[in-house]
Amino acid sequence: MAVLGLALFLPTLPAAAEDGHDLWLRYLPVQESRVAAYRAQATELAAATATPTQRVARDELLRGLQGLLGTAPAVVPKAGRAGALLVGTPASSPQLRALKLDLSTLGEEGYLVRSVRIDGRAATVVAANTDVGALYGAFHFLRLIQTAQPLDALDIREVPRTKVRVLNHWDNLDRYVERGYAGESIFDWHRLPGWKDPRYTDYARANASIGINGTVLNNVNTSAQMLTPMYLEKAAALAEVFRPFGIKVYLSARFSAPIEIGGLKTADPLDPAVRRWWKAKTDEVYRIIPGFGGFLVKANSEGQPGPQDYGRSHADGANMLAEALAPHGGIVMWRAFVYSHEEPDDRAKQAYTEFVPYDGRFAPNVLVQVKNGAIDFQPREPFHPLFGAMPETPLMMEFQITKEYLGFATHLAYLAPMYEEALRADTHASGPGSTVARVVDGSLDGHALTGMAGVANIGVDRNWSGSHFDQANWFAFGRLAWDPYLEAEAIARDWVKMTFSTDPAVVDPVVAMMMGSREAVVDYMTPLGLHHLMGRGHHYGPAPWVAGGPRADWTSVYYHRADAKGIGFDRSATGSNAVAQYAPPLAAQFGDLSTVPEEFLLWFHHVPWDHRMASGRTLWDELVLRYGRGVDYVTGMRRTWDGLAGKIDPERHAQVAAFLAIQEQEAQWWRDASIAYFQTFSKRPLPAGAAPPAHDLEYYQALQFPFAPGDGK
Ligand code: BDP
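Residues numbered from 1 in each chain as written. Predicted model: local features only at pLDDT ≥ 70, side-chain atom pairs only at ≥ 80, totals over all residues. Heavy atoms only, no water.

## Points about the domain arrangement of the protein
Phase 1 of the analysis: One can read the domain layout of the protein as domain 1 (19–158), domain 2 (164–499) and domain 3 (523–569 + 606–702).
Phase 2 of the analysis: Centre-to-centre, using C-alpha coordinates, domain 2 lies 31 Å away from domain 3.
Phase 3 of the analysis: Summing both partners gives a buried area of about 2200 Å² for domain 2 against domain 3, and 56% of it is carried by carbon and sulfur.
Phase 4 of the analysis: The three residues of domain 2 that bury the most area against domain 3 are T410, H411 and H468, which together make up 26% of that side's buried surface. (Domains from an automatic or database assignment. Buried area = accessible area lost by both parts, 1.4 Å probe.)

Put into structure tokens, the structure is as follows:
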């Protein structure tokens, strides 16, 4: 690698044109005043290159340091000079071994980044037990520079708190992405395995940089074709690209595959022929895709086939697959997102009802994958009552990164505060402090198999996520999967520095704007615990009037229950009693109108329009005010962003500005349509100062969006 002795050094001026393709791995020159110090701490690089993972770590460091510092360190077999960077494992580097660092608690993926002395000279070591641990450490080292941290006196010890950190792509084999707002799938199935798009490598780099170690390539609503040899060969080509980055490939498995591609008459999980079929299929998968991770299954949910079709349980279904995977070290991620066609009970209760009886009955290599809330990725939900209710079963968290219910790709909504809220929620399962994070990281009930899944927001759009700010949600998901105790704000800070600028005049306002953005969406879409009020099918825009159709729990009126008296879903003891699925202290708190947190008021109670809120206002007035507050926040974000012109590269600045304008219009639309509709029940005037909706209700109800993106097919 040539070392460029560039005398001329570019200061951190906004680059002429950036399209967001480089994500948070832009590696643009650091501030000039910092260059000399950083260069002195990265004079030479000693890193083994015997394995593919070692090579990608070395290449990333060279690429990163070249970009950030204008010159790459000299590559040396052994660290000798002051300011050397030594990267590796005791097995890959005798010099590192000689340092006798205590790596015993790092496990297979952890790492140290530490300032040491080698032969009396200052150096930095990135050490791990495995190559992939060292790769994660290399990314961390680069992040320190990207976020303008000092490199002296480093003493970083990182170990991921969950084992399985996966993206779930809801990508179909025809490249249509269900709930995708960033273009078609990046997985170009037709041209695989012959053509391996360079994007796959960048995708793997981006994921590894935030600690993601797995990816489910296909939609949970999957075709059985995925498991045919032709598609397995294609998946194998992707797995080969991802492997050096520590990323395993998983596949969604269609439960009825034995019938559809196996020629069997049944998919009954207790039928010996079916079990044999899955064993043989799994063996074949491992032959074709070495190091395969396992299966993700959506069964008996929204029309998908499953064990209940044969009178069997979720445990029967999951355990059959687990048995086939176990000899290979694979796992099953069995989703708990279920609600039945026959069961007329409150949809929020059904997953708990179906799964809790099977606690402790799942095989050891099964993770039950639970959405953060009991309905469906709404802007705000109380945490799912399954967390804390299945101590004998490892539960993995499923977050949605793609913003199906939070404004698609055009609305700026930073989701880490939402993830953080769910993770910090206290289940009280084993007394106070039994947080969801402790269920998920296994510490509460002593589980070693742990994980977190994020429904990806990635597509072929140049900027990957459909908007620049949606990259932050991918980034934040990875960071929180690694460490569910991180703070949303700290993650935002890192991301803004890496993505836009380290200038505090950019970082502070942008982080502040991001931190309130999700609450703003809650306000202008579904304040005070309202939920599921979006357009039918495509889920775009407000439609609280949706009624009728195939099932009541796919309508809005089912959830808000507005009438002349009030609004909200009574889930207290006088209603569906969903509150009883929470631990007693929470059941009591949520179940009582005087103690329920206001953000969950209408989630748990049907409340009179004149109910007095903490503010002293009536519920109706408060509702109208919250809608307006959400819109105002977006107006504020526009103002902040406009003020940053000149500090952000023009191309990205312009797109974000345009998207914020769309968001403002749509926030206003949500507010106006919702108020116009609910006023037909409340029959009360708008509070003083609140502007009337721009149009009458009929106008909003007549809007149709037959081609809105991402609809389920
Ligand atoms: C819902 C989506 C639907 C998914 C489903 C799921 O609308 O497209 O298939 O979740 O998670 O939010 O299975």
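Read on for the rest.
## Re the pairing of strand β14 (residues 451–455)
Phase 1 of the analysis: A large share of β14 lies buried, amounting to 5 of its 5 residues.
Phase 2 of the analysis: Burial along β14 is two-sided: the face carrying G451, A453 and V455 and the face carrying M452 and G454 are both buried. (Buried < 20%, exposed > 50% of the residue type's maximum accessible area, 1.4 Å probe, protein only. Helix = DSSP H or I, 4+ residues; strand = E, 2+ residues; numbered from the N terminus.)

## Thoughts on the environment of E233
Phase 1 of the analysis: Tracing the backbone through its elements, the reader meets E233 in helix α6 (residues 229–242).
Phase 2 of the analysis: For E233, a relative accessible area of 42% gives the class partly exposed.
Phase 3 of the analysis: Once the C-alpha coordinates of E233 and G194 are considered, the two residues, 39 residues apart in sequence, prove to be 9.9 Å apart.
Phase 4 of the analysis: In this structure E233 touches P193 and I288, once residues within four positions along its chain are discounted. (Contact = heavy atoms within 4.5 Å.)

## Re empty space enclosed by the protein
Phase 1 of the analysis: Tallied over the full model, the rule gives 8 cavities of 30 Å³ or more.
Phase 2 of the analysis: The space that makes up the largest cavity amounts to roughly 120 Å³.
Phase 3 of the analysis: What lines the largest cavity is a set of 19 residues, among which Y405, G407, M525, H539 and W670 lie closest to the centre.
Phase 4 of the analysis: By residue number, the principal contributor to the lining of the largest cavity is helix α20 (residues 650–682), which donates 3 residues.
Phase 5 of the analysis: For the lining of the largest cavity, a count of residues per class yields 10 nonpolar, 7 polar and 2 charged.
Phase 6 of the analysis: Both domains that meet at the lining of the largest cavity, namely domain 2 (164–499) and domain 3 (523–569 + 606–702), each give it at least three residues.
Phase 7 of the analysis: One number sums up the size of the second largest cavity: a volume of about 90 Å³.
Phase 8 of the analysis: Together, A47, A48, T53, Q54, A57, R58, L61, V87, G88, S92, D131 and A134 line the second largest cavity.
Phase 9 of the analysis: When residues of the lining of the second largest cavity are traced back to their parent elements, those giving at least two are α2 (52–69), β3 (84–88) and α4 (131–146).
Phase 10 of the analysis: For the lining of the second largest cavity, the element with the highest residue contribution is α2, accounting for 5 residues. (1 Å grid on protein atoms, 1.4 Å probe; cavity = no way out; pocket = protein on both sides within 12 Å on 5 of 7 lines; lining within 4 Å. Points joined across faces, edges and corners; volume = space filled by probe spheres on them. Nonpolar A, V, L, I, M, F, W, Y, C, P; charged D, E, K, R; others polar.)

## Re the packing of helix α13 (residues 470–482) against helix α14 (residues 488–499)
Phase 1 of the analysis: At a minimum axis separation of 10 Å, α13 and α14 run at an interaxial angle of 130°. It follows that α13 is oblique to α14 by the angle criterion. Crossing hand, α13 versus α14: right-handed. Here α13 contributes Q471, A472, F475, A476, R479 and L480 to the contact with α14, which in turn contributes I491, D494, W495, M498 and T499. (Axes fitted to C-alpha atoms, helices over the stretch in contact; angles between N-to-C directions. Parallel < 35°, antiparallel > 145°, perpendicular 65-115°, else oblique. Left-handed = near helix turned anticlockwise from the far one by under 90°.)

## Observations regarding the packing of α4 against helix α5 (residues 198–209)
Phase 1 of the analysis: Contact pair α4 / α5: the axes reach a minimum separation of 9 Å and the direction vectors enclose 80°. Overall, the two elements α4 and α5 adopt an arrangement that is roughly perpendicular. Of the residues in α5, those in contact with L135, Y136, F139 and R143 of α4 are R205, A208 and S209.
Phase 2 of the analysis: Grouping the amino acids of the contact of α4 with α5 by side-chain chemistry returns 4 nonpolar, 1 polar and 2 charged.

## A word on the UniProt feature "domain: Glycosyl hydrolase family 67 C-terminal" (unreviewed entry) in the protein
Phase 1 of the analysis: UniProt tags residues 466–689 as "domain: Glycosyl hydrolase family 67 C-terminal" (unreviewed entry).
Phase 2 of the analysis: Split by type, residues 466–689 is 54% helix and 2% strand. Its first and last C-alpha atoms lie 36 Å apart. (UniProt positions renumbered as here; feature names shortened; annotations may be inferred.)

## Examining the nonpolar core
The tendency in soluble globular proteins is for nonpolar side chains to be buried as a group.
Phase 1 of the analysis: With 221 residues, the main nonpolar core has F242 and W474 as its most contacted residues.
Phase 2 of the analysis: Grouped together as the second largest cluster of nonpolar side chains are 15 residues, A46, A84, L112 and A127 included. (Core = buried A, V, L, I, M, F, W, Y, C linked by side-chain atoms within 4.5 Å.)

## Comments concerning the site of the ligand
Phase 1 of the analysis: The environment of the ligand is formed by 14 residues, the closest being E178, K298, R335, D376 and E404.
Phase 2 of the analysis: Residue K371 places a side-chain N or O atom 2.7 Å away from an oxygen atom belonging to the ligand.
Phase 3 of the analysis: One of the side-chain nitrogen or oxygen atoms of D376 is found 2.6 Å away from an oxygen atom of the ligand. (Near = heavy atom within 4 Å. Polar contact = N/O pair within 3.5 Å; in protein donor to acceptor, adjacent residues only side chain to side chain.)

## Regarding the pairing of strand β4 (residues 111–118)
Phase 1 of the analysis: Sheet topology places β4 next to strand β6 (residues 155–158); 4 bridges connect them, and they run antiparallel. Counterpart to Y111 in the pairing with β6 is E158.
Phase 2 of the analysis: Where β4 meets strand β5 (residues 121–127), 7 bridges bridge the pair, whose relative direction is antiparallel. Opposite L112, over in β5, you have A127 as the bridge partner.
Phase 3 of the analysis: Between β4 and β5, which pair antiparallel one after the other, the connecting turn spans 2 residues, and D119 there sits at a positive phi close to 50°. (Pairing = 2+ DSSP bridges.)

## Some thoughts on the packing of aromatic side chains
Phase 1 of the analysis: Following the criterion strictly, the structure yields 43 aromatic pairs and no others.
Phase 2 of the analysis: Judged by centre distance (6.2 Å) and plane angle (10°), the ring pair of F355 and F362 falls under stacked.
Phase 3 of the analysis: Residue F355 is classed as buried on the basis of its relative accessible area of 0%.
Phase 4 of the analysis: For the ring pair Y558 and F569, a centre distance of 5.6 Å and an interplane angle of 75° mean the geometry is edge-to-face. Of this pair, Y558 sits in helix α16 (residues 557–560) while F569 sits in the loop between β15 (566–567) and α17 (584–591), and the two are 11 residues apart along the sequence. Grouping residues by exposure puts Y558 and F569 together as buried.
Phase 5 of the analysis: Of the aromatic side chains, those joined through ring pairs into one cluster are W24, F187, W189, Y200, Y203, Y231, F242, W464, W474 and F475.
Phase 6 of the analysis: Over the aromatic face of W554 sits the side chain of R551, whose NZ or CZ is 5.5 Å from the ring centroid.
Phase 7 of the analysis: Taking NZ or CZ as reference, R571 lies 3.8 Å from the ring centre of F569, over its face. (Phe/Tyr/Trp six-rings, centres within 6.5 Å; stacked < 30°, edge-to-face > 60°. Lys NZ or Arg CZ within 6 Å of the ring centre and 35° of its normal.)

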